[in-house]
Amino acid sequence: MSQVKENDTVKVHYTGKLSNGQVFDSSLEREPLEITLGQGMLIPGFEKGMIDMKVNEKKTIHIPVAEAYGDIQKELFHEVKKDQLPQDMTPEVGMGLASQNPDGSEIQFRVAEVHEEHIIIDANHPLAGQDLIFDLELVEIK
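These notes cover the structure that comes with them. Source: prediction; values computed, not measured.

1. Thoughts on the pattern of salt bridges
A full pass over the atoms with the stated rule returns nine salt bridges. One salt bridge connects Glu 34 with Lys 142, and the closest N-O pair in it is separated by 3.2 Å. Of the two residues, Glu 34 is situated in strand β3 (residues 33–36) and Lys 142 in the segment after β9 (132–141); the sequence distance between them amounts to 108 residues. By relative accessible area, Lys 142 is classed as exposed at 52%. A salt bridge links Asp 122 to Arg 110; the nearest nitrogen and oxygen atoms lie 2.7 Å apart. Residue Asp 122 is found in strand β8 (residues 118–122), and its partner Arg 110 is found in strand β7 (residues 106–114); the two are separated by twelve residues along the sequence. Using a relative accessible area of 6% as the deciding quantity, one classes Asp 122 as buried. Connected through salt bridges with shared partners, the residues Lys 11, Glu 34, Glu 140 and Lys 142 form a single ionic network.

2. Notes on the sheet that holds strand β6 (residues 96–100)
Spatially, four strands are ordered β5-β8-β7-β6 in an open sheet, and the strand pairing comes out antiparallel. Each edge of the open sheet carries a strand with a single partner, namely β5 (77–81) and β6. The mean inter-strand angle of the sheet, taken between neighbouring strand axes irrespective of direction, is 40°. Pairing between β7 and β8: four bridges, direction antiparallel. Bridging from a neighbouring strand, Val 111 pairs with Ile 121 of β8.

Rules behind the numbers
- Residues numbered from 1 in each chain as written.
- Predicted model: local features only at pLDDT ≥ 70, side-chain atom pairs only at ≥ 80, totals over all residues.
- Heavy atoms only, no water.
- Salt bridge = Lys/Arg side-chain N within 4 Å of Asp/Glu carboxyl O.
- Helix = DSSP H or I, 4+ residues; strand = E, 2+ residues; numbered from the N terminus.
- Buried < 20%, exposed > 50% of the residue type's maximum accessible area, 1.4 Å probe, protein only.
- Pairing = 2+ DSSP bridges.
- Axes fitted to C-alpha atoms, helices over the stretch in contact; angles between N-to-C directions.

So this is what it looks like as structure tokens:
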């Protein structure tokens, strides 16, 4: 029986959890994730965890911060004056925001703090600074 190796295209079902057990994403209610390994589309720990898996194999992997979304970077927190926000917007902690770069690409932010005259936005990935746990089930190796 073949095993997953670097550059294989695979289909995998997954459930991602935080170390406290809270589920943040799962493919169980939809099609399995299809991905080609080695193209940088997944966090390194997820790809590494699939290497050597066989079809129908299930396993749980623990991914440390360094192989997930990295540490929280303080330089990705920025102050924005409230008068720069849309007038009909009432910012709240945890609210998601987006901004468009001159090249048309979009940057996602999260409101980290709300003050009288300004807000603090956080451009870190929402899972930065966290160890992650994934339950995996390999469905197919193409």
